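Notes for the structure review
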Amino acid sequence: MSEKNGFMKALKCRECGREYPLAATHVCEFDFGPLEVAYDYERIRGSLTRESIKSRPQSMWRYRELLPVAGEPTVGRQVGYTPLVKADRLAKRLGIRELWIKNDAVNYPTLSFKDRVVSVALSRSVELGFKTVACASTGNLANSVAANAAAAGLDAYVFIPSDLEQGKVVNSLVYGANVVGIKGHYDEVNRLCAEIAGKYGWAFVNVNMRPYYAEGSKSMGFEIQEQLGWQVPDHTVVCMASGSLLTKIHKSYQEFTKLGIVPEKKWTIHGAQATGCSPITTAQKAGLEFFKPVKPNTIAKSLAIGTPADGFYALKVMKETGGHGEDVTDDEIREGIRLLAECEGIFAETAGGVTVGVAKKLIAQGKIAADQSAVLCITGNGLKTLEAMTGHVGNTREIRPSLREFEAVLAQDKPELVHA
Ligand SMILES: *Cc1c(COP(=O)(O)O)cnc(C)c1O
């Protein structure tokens, strides 16, 4: 990279447009608006083309001009380029012509889309000279910060609500990170982390590093467009915690369109939440511009943010693109997980159950037209939230190791197969 800031120009306030240096900072001093990375799109146009992208390794970094690091990435170079799966059996069940699953349940290295944002945030943290990294997390972010910090030799502090699933807790501890469980909801964890970030000067990936961190989510959208043969899908369904991923998928479609990498077309982005924590979709359904904070109570713990930082902007994206918000109960989340598993052989975590359950509703309501194409963003792996499904998937039938006992079982299912 020739220039000191790579393809970045500045941090810019989303509200008033004031510009700031490319440091570890996230709010405008004048109106407290969130800061966002501004790029030099003229230079990017000369460097990022379909051909240059195709010539690079299959990771999220093949779109590096549109990701906020100055030099080459140093953390998480293998993250991303997860499969986009044509889901014909699920399409048939849900009653739509063309359905795709973007499967970040198998993202590298910690099996959720959070590896994308962490790869960017930690690479940028190293550039800015930090030695200690930290985060406020609903689980997956903690896993990813812990793992990627370990691989990069950084010290990590991760803060989580103390009632998370075992899989998420063990998946943070195993990498040797300092894991702090807070007796409270995510919003309380987040508030504490804002204080700690100010006092100790660590790189909190989703607090003071948030402008860089959030941009990492765009890579999921870049990959969707490339894997669809350089086009934007008609509909995209995205589950929401803070709402950031949804806004960044929209931005990825805007950027590729603006750069001429994909042809212009109309797209629609829908937001999915759990009924037990649905501040954004409740506001969308009521036609409101602002959400009302809630106290979460849902099995979709990874989405349990009652005061979503990007809720306002997620509502704007849905409105601009003609998208809808919808929510599903805990039982519908489990049904969504089973549908995806039984039709496509993909075991998603609770957040994926939210996405599938909401897609099913939107198709049934005609808000996603049956003759159009839709991509469902599956963001995390079911092996990390086993508690949600335990006792809801039937039981193994235990027998002694005897042919006679097995045939007694088989006779219940398929009597015609059992030979006398
Ligand atoms: C964090 C997370 C999301 C959503 O994140 P946003 O805060 O809305 O960007 C979605 N799914 C899973 C599994 C997550 O961990």
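First things first, this report covers the structure right here in the doc. These numbers were taken from a predicted model, which means no experiment stands behind them. (Residues numbered from 1 in each chain as written. Predicted model: local features only at pLDDT ≥ 70, side-chain atom pairs only at ≥ 80, totals over all residues. Heavy atoms only, no water.)

What follows covers the overall build of the protein. For the protein, the helix and strand inventory stands at 16 helices and 13 strands. Computed over its C-alpha atoms, the radius of gyration of the protein comes to 22 Å, within 12% of the 22 Å expected for a compact globule of 420 residues. Along the longest, intermediate and shortest principal axes, the C-alpha atoms of the protein span 80 × 45 × 45 Å. Here the contacts in the protein between residues at least 6 apart in sequence split such that 69% fall between residues at least 24 apart. Of the roughly 17800 Å² of accessible surface on the protein, 52% is carried by carbon and sulfur atoms. (Helix = DSSP H or I, 4+ residues; strand = E, 2+ residues; numbered from the N terminus. Rg over C-alpha atoms; globule rule 2.2 N^0.38 Å. Contact = heavy atoms within 4.5 Å. Areas by Shrake-Rupley, 256 points an atom, 1.4 Å probe, with all protein chains shown as cover.)

On to the site of the ligand, then. Around the ligand lies a shell of 15 residues, among which Lys-114, Ser-242, Gly-243, Leu-245 and Thr-379 are the nearest. With respect to the ligand, the side chain of Ser-242 contributes an N or O atom lying 2.6 Å from an oxygen atom. Gly-243 has a polar backbone atom sitting 2.9 Å from an oxygen atom of the ligand. Against a free-state accessible area of 390 Å², the protein chains account for coverage of 96% of the ligand. The cavity where the ligand resides is the largest pocket. Tallied by class, residues from the shell around the ligand come to 7 nonpolar, 6 polar and 2 charged. (Near = heavy atom within 4 Å. Polar contact = N/O pair within 3.5 Å; in protein donor to acceptor, adjacent residues only side chain to side chain. 1 Å grid on protein atoms, 1.4 Å probe; cavity = no way out; pocket = protein on both sides within 12 Å on 5 of 7 lines; lining within 4 Å. Sits in = over half its atoms within 2 Å of the grid points. Nonpolar A, V, L, I, M, F, W, Y, C, P; charged D, E, K, R; others polar.)

Once that is clear, we can look at the environment of Tyr-81. Tracing the backbone shows Tyr-81 in the loop between helix 2 (50–54) and strand 4 (84–86). With a relative accessible area of 19%, Tyr-81 lands in the buried category. Residues Tyr-81 and Glu-226 lie 145 residues apart in sequence; the distance between their C-alpha atoms is 10.0 Å. A polar side-chain atom of Tyr-81 sits 3.5 Å from a polar atom in the side chain of Glu-226. (Buried < 20%, exposed > 50% of the residue type's maximum accessible area, 1.4 Å probe, protein only.)

Moving on: the packing of aromatic side chains. Per the counting criterion, the structure on display carries 11 aromatic pairs. The interplanar angle of 15 degrees and the centroid separation of 5.3 Å between the aromatic rings of Phe-290 and Phe-312 together place this pair among those described as stacked. You can see Phe-290 sitting in the loop between helix 11 (279–285) and helix 12 (311–321) and its partner Phe-312 sitting in helix 12, a full 22 residues away along the chain. Residue class for Phe-290 comes out exposed when judged on its relative accessible area of 56%. (Phe/Tyr/Trp six-rings, centres within 6.5 Å; stacked < 30°, edge-to-face > 60°.)

In terms of nonpolar packing, the biggest core is built from 80 residues, with Val-145 and Phe-256 touching the most fellow members. In terms of domain composition, this core takes at least three residues from each of domain 1 (8–78 + 114–213) and domain 2 (84–110 + 217–389). Ignoring sequence-local partners within four residues, the contact set of Val-145 consists of Val-118, Leu-122, Val-133, Cys-135, Ala-156, Val-158 and Val-205. Membership of the second largest hydrophobic core comes to 50 residues, among which are Ala-197, Leu-303, Cys-343 and Ala-388. (Core = buried A, V, L, I, M, F, W, Y, C linked by side-chain atoms within 4.5 Å. Domains from an automatic or database assignment.)

In this structure the tally under the stated criterion is 29 salt bridges. Between Lys-251 and Glu-36 there is a salt bridge, with its nearest N and O atoms 3.2 Å apart. With Lys-251 in helix 10 (residues 244–258) and Glu-36 in strand 3 (residues 35–39), the pair connects residues that are 215 residues apart, well separated along the chain. A relative accessible area of 11% means that Lys-251 is categorised as buried. Here Lys-265 makes a salt bridge to Asp-234, at a shortest N to O gap of 2.7 Å. Of this pair, Lys-265 sits in the loop between helix 10 and strand 11 (268–274) while Asp-234 sits in the loop between helix 9 (218–227) and strand 10 (235–239), and the two are 31 residues apart along the sequence. (Salt bridge = Lys/Arg side-chain N within 4 Å of Asp/Glu carboxyl O.)

Attention shifts here to the sheet that holds strand 6 (residues 132–136). Sheet strands pair via backbone hydrogen bonds, and the direction of the pair is either parallel or antiparallel. With parallel pairing, 4 strands are arranged side by side in an open sheet as 8-7-6-9. Bordering the open sheet on either side are strand 8 (178–182) and strand 9 (203–204), each of which pairs with just one other strand. (Pairing = 2+ DSSP bridges.)

Per the counting criterion, the structure on display carries 0 disulfides. Cys-16 carries a free sulfur, and the closest cysteine sulfur to it, the one in Cys-13, is 3.8 Å from it. Residue Cys-16 is classed as partly exposed on the basis of its relative accessible area of 35%. The thiol of Cys-239 is unpaired, and the distance to the nearest cysteine sulfur, on Cys-377, comes to 7.7 Å. (Disulfide = S-S within 2.5 Å.)

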